[in-house]
Amino acid sequence: MKFNFFIQKAKFPSIAMRLCIVNFLFSMMVSCGYVNNNKKLKLALEQAGINRKELEKVINHYSKKPEDSLKLEAACFLIENMPGHFSYDTTNLYKYRPVIEKIGLLRNRGFAKETIKEQVNPLMDSLITIYPLSHIYSKREDDLTSIKSQMLIDNIDLAFEYYNKNPFKDSIIYDDFLEYVLPYRIQNGYCLEDWRPYFIQNYSDRANGKFQTVHELCDSLLSVFKEVSIGWRVADQFPYLKLEDYLRSKMTHCPQKCWFNCLLLRSFGVPVTVDFVPVSRVHPLGHEWNALKLKEGIYPFDPFWVGFNGIRYLKPYYFRESLHPVIGSIQFPKIYRKTFKMNVSELFEHAVKTGEDIPPLFRNPFQKDVTNEYFKTYDIDVPLKKKI
């Protein structure tokens, strides 16, 4: 008996299909490796609840190609430091909008600050009597459980694009890019918004000049908003939580202007910080300002525009090198910096473990002591002769 055997030739996947399989396996290996080897990241994903899928989309998105390794690292940096970041509820914000509309109207008509204050403050007082601010500040939405994958991806892509376009990129430390350019928010409370596209679309022409220094680039951008003025005691209680309200009012305090300056400059790849002193001889209620963060050091500057020839760059005065021509000796005792990254101090960690109450300033893990970046500091050992 004769047997005929028919051997069918094996069909191997096409080259395109094989590449897809390789990329898929690479993506799975990289993303799983990042999550499993990073305890902070793993914990953040666990705390995200049903929003975990959105965060994992970001990790998987940057795990597909080896050339996206830095963006993957950046995505993990944002997610692992996301716990504790939040926005206040802006559902009822529209109820206070008449205040902003009135400020904008009076400013456009050229009224002085005192006149604006006289007309706006009674309106603000009446509104918060009817609609208590607790309706906003008592409700918060955590970034970890609400942020969407596309927002994070767009933020990361634009941050890298304009960091790489920055003509002074070589003067920036990459870790400073991660902390002071990359984050999608500057500080807690403000609403989650796509602010980079707004500034890029409207002010790119101001960033495309032939600048000799990064300071000239910053001045070109900051001078666009020179009409923004300090609004001491002008609707002080208005909850500035959205960019559109700030742009309408253009009359706020140092904290809001520092926040705004960070949005503007970081949109074009410039690392800028918000530094502050909780209390000092000159500022008994505290003070905030911005600082450029470069390889060669920091350059603190006044958040409000005072002209090209005004006292804007404050380094010699804040560094205790010379007297301020208006204020005199500043002598800040301690200086802190707002961060996106969580910085757990020994005092904060002790309070968490023991439940012991500590001053509100030290309950915030999104800040760090940077006094030694401004002037020489010393560690002093004090022996305790009696047991406490």
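Residues numbered from 1 in each chain as written. Predicted model: local features only at pLDDT ≥ 70, side-chain atom pairs only at ≥ 80, totals over all residues. Heavy atoms only, no water.

Novice: Got a sec to walk through the pairing of strand E5 (residues 272–277)? Specific residues and values, please.
Specialist: Summarising burial for E5: six of the six residues are buried, a large majority. Bridge analysis of E5 against strand E6 (residues 287–294) gives six bridges, and the strand direction is antiparallel. What sits directly across from Phe276, in E6, is Glu288. Note: E5 against strand E8 (residues 336–338), two bridges, orientation antiparallel. (Buried < 20%, exposed > 50% of the residue type's maximum accessible area, 1.4 Å probe, protein only. Helix = DSSP H or I, 4+ residues; strand = E, 2+ residues; numbered from the N terminus. Pairing = 2+ DSSP bridges.)

Novice: I'd love a proper account of unusual backbone geometry, names of residues and values included.
Specialist: A positive phi angle, close to 45°, is found at Ala235, a residue other than glycine. As for its position among the elements, Ala235 is in the loop between strand E3 (229–230) and helix H13 (243–249). By relative accessible area, Ala235 is classed as buried at 3%. One non-glycine residue, Lys250, lies in positive phi territory at about 55°. Structurally, the position occupied by Lys250 is in the loop between H13 and strand E4 (251–252). Using a relative accessible area of 25% as the deciding quantity, one classes Lys250 as partly exposed.

Novice: Describe the nonpolar core, listing the residues and the values that go with them.
Specialist: Of all hydrophobic cores here, the largest spans 71 residues; its most connected members are Leu55, Ile79, Leu152, Leu182, Phe199, Leu265 and Phe268. For this core, the leading source of residues is helix H9 (residues 149–165), giving nine residues. Leave out the neighbours within four places in its chain, and Leu265 touches Cys218, Leu221, Leu222, Val270, Val272, Leu292 and Phe301. Among the nonpolar cores identified, the runner-up in size contains 19 residues, and Leu93, Ala235, Phe238 and Tyr240 belong to it. (Core = buried A, V, L, I, M, F, W, Y, C linked by side-chain atoms within 4.5 Å. Contact = heavy atoms within 4.5 Å.)

Novice: Quick one: what's the story with the pairing of strand E7 (residues 297–301), residue by residue and with numbers?
Specialist: Judged by how many residues are buried, E7 sits mostly within the fold: four of five residues are covered. Sheet analysis places E6 next to E7, joined by five bridges and oriented antiparallel. Bridge pairing in E7 places Asn290 opposite Phe301.

Novice: Tell me about the packing of helix H2 (residues 39–47) against helix H3 (residues 52–61), residues and numbers included.
Specialist: The geometry of H2 relative to H3 is characterised by a closest axis approach of 8 Å and an angle of 140° between their N-to-C directions. Put simply, H2 runs oblique to H3. Considering the relative orientation of H2 and H3, their crossing is right-handed. Residue-level inspection shows Leu41, Leu45 and Glu46 of H2 in contact with H3, the latter providing Arg52, Leu55, Glu56 and Ile59. (Axes fitted to C-alpha atoms, helices over the stretch in contact; angles between N-to-C directions. Parallel < 35°, antiparallel > 145°, perpendicular 65-115°, else oblique. Left-handed = near helix turned anticlockwise from the far one by under 90°.)

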